[in-house]
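Given next are the chains, with one letter for each unit.
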Amino acid sequence: MPLQTVEPQRLYRQIAEQLRTLIASGEFPEGTRLPAERDLAKQLGVSRPSVREALIALEVEGAIDVRTGSGIYVMKPRRKSASATPAYEPAEWGPLELMRARELVEGEVAALAARHAKRAHINAMASAIEQMKDEAASGIAPREGDEAFHQAIALGCGNEVLRDTVQGYWQARRGTLFERLGDYFENPPSWKAALVEHAAVLEAIRAHDPVAARSAMHEHLKKACNRYSASWRRANSS
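Residues numbered from 1 in each chain as written. Predicted model: local features only at pLDDT ≥ 70, side-chain atom pairs only at ≥ 80, totals over all residues. Heavy atoms only, no water.

> Quick question: what am I supposed to make of the overall build of the protein chain here?
Along the protein chain, the regular secondary structure elements total 10 helices and two strands. Secondary structure elements in the protein chain, listed N-terminal to C-terminal, are α-α-α-β-β-α-α-α-α-α-α-α. The principal-axis extents of the C-alpha atoms in the protein chain amount to approximately 60 × 50 × 35 Å. Burial statistics for the protein chain: of 238 residues in total, 42% are counted as buried. Put simply, 76% of the contacts in the protein chain that link residues at least 6 apart link residues at least 24 apart. Within the structure as shown, the protein chain displays about 13,100 Å² of accessible surface, and the carbon and sulfur contribution to it stands at 52%. Taken together, the 32 basic and 31 acidic charged side chains of the protein chain have centroids lying 4 Å from each other. (Helix = DSSP H or I, 4+ residues; strand = E, 2+ residues; numbered from the N terminus. Buried < 20%, exposed > 50% of the residue type's maximum accessible area, 1.4 Å probe, protein only. Contact = heavy atoms within 4.5 Å. Areas by Shrake-Rupley, 256 points an atom, 1.4 Å probe, with all protein chains shown as cover. Lys, Arg positive; Asp, Glu negative; His and termini not counted. Charge placed at Lys NZ, Arg CZ, Asp CG, Glu CD.)

> Looking at this model, I keep getting lost on empty space enclosed by the protein. Mind explaining?
Leftover empty space is mapped by rolling, across the atoms, a probe with the size of a water molecule. For the structure shown, the criterion picks out one cavity of 30 Å³ or more. As a volume, the largest cavity reaches approximately 270 Å³. In terms of lining residues, the largest cavity is bounded by 19 residues, among which Asp 146, Glu 186, Ala 194, Arg 227 and Tyr 228 are the most central. Taken together, the elements giving at least two residues each to the lining of the largest cavity come down to helix H4 (95-116), helix H6 (143-156), helix H7 (160-173), helix H8 (176-185), helix H9 (188-206) and helix H10 (210-228). (1 Å grid on protein atoms, 1.4 Å probe; cavity = no way out; pocket = protein on both sides within 12 Å on 5 of 7 lines; lining within 4 Å. Points joined across faces, edges and corners; volume = space filled by probe spheres on them.)

> Explain the side chain of Asp 146 to me, please; I cannot follow it from the model alone.
Structurally, the position occupied by Asp 146 is in helix H6. Put simply, Asp 146 is tucked away with no salt bridge, and the nearest opposite charge, on Arg 102, sits 5.5 Å away. In this view, Asp 146 contacts Met 132, Trp 170 and His 198; residues no more than four positions away in its chain are not counted. (Salt bridge = Lys/Arg side-chain N within 4 Å of Asp/Glu carboxyl O.)

> Where do I start with the pairing of strand S2 (residues 71-74) in this structure?
On any regular strand, side chains alternate: one points to one face of the sheet, the next to the other face. Pairing of strand S1 (residues 64-67) with S2, which is carried by four bridges, proceeds in the antiparallel orientation. Its bridge partner being in S2, Arg 67 is matched across the sheet by Gly 71. If you look at the hairpin formed by S1 and S2, you'll find three residues sitting between the two strands, and Gly 69 has a positive phi there, around 85°. (Pairing = 2+ DSSP bridges.)

> What am I meant to see in the environment of Ser 138 here?
Turning to its location among the elements, Ser 138 is positioned in the loop between helix H5 (119-137) and H6. A relative accessible area of 54% places Ser 138 in the exposed class. In terms of polar contacts, Ser 138 uses its side chain to reach the backbone carbonyl oxygen of Asp 134, at 3.0 Å. (Polar contact = N/O pair within 3.5 Å; in protein donor to acceptor, adjacent residues only side chain to side chain.)

> Looking at this structure, I do not really get the packing of H5 against H9. What am I missing?
A pair of packed helices is characterised by two quantities: the angle between their axes and the separation of those axes. Packing of H5 against H9 leaves a shortest axis separation of 10 Å and a crossing angle of 170°. Accordingly, the angle class assigned to the pair H5 and H9 is roughly antiparallel. Between H5 and H9, the contacting residues are Ile 122, Met 125, Ala 126, Ile 129, Met 132, Lys 133 and Ala 136 on the first element and Trp 191, Ala 194, Leu 195, His 198, Ala 199, Leu 202, Ile 205 and Arg 206 on the second. Each residue belonging to the contact of H5 with H9 can be placed in one class, and the counts come to 12 nonpolar, one polar and two charged. (Axes fitted to C-alpha atoms, helices over the stretch in contact; angles between N-to-C directions. Parallel < 35°, antiparallel > 145°, perpendicular 65-115°, else oblique. Nonpolar A, V, L, I, M, F, W, Y, C, P; charged D, E, K, R; others polar.)

Below, the structure written as structure tokens:
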């Protein structure tokens, strides 16, 4: 028998596959509630964020239903046709893993921007914050302004590799899994918190203080990750 190509899988996909197999075998029949994230993480020997990413993937597929305030329930299996489009890109990064990477990298990007950003870059950051305010005031998730803010910082850092890296993060941010996670945990209070955090980053960059800029960006992205990792009881209704 010819050898088959070995394809590395994201950890959340491995977890989702295990849960999918248990559902298919009848271990978790249709209509039953899955164990809590904490219990699944302990049984699988993985982190809770990885379990959450797997659950979001299964929900996007239609295998489970997240019921805010009640739990996560197994759905009736869908019939799959050979021509069906995948619910999400298999190579898509896990949203919470992406946020942790951003915290590490974008802290240094902000520090460099504090050293190298020109007036035009700083003006672009300020304009992006105003765009976020306008979007939030209109009841729209301020994602375009959010992206514009982080991209302006990347442009101002003076390093093209880091600029392209941040751009890659935002391309991944538009993935199906991240969008779905945002549907649950992005809301007016989270937008308001992000605006306050962005203002602190801008203030440090405007003051040309690399240490403060790095710290403010770390704080912002750590808090953002915590918001996406909050209890399902605090999630928006689906």
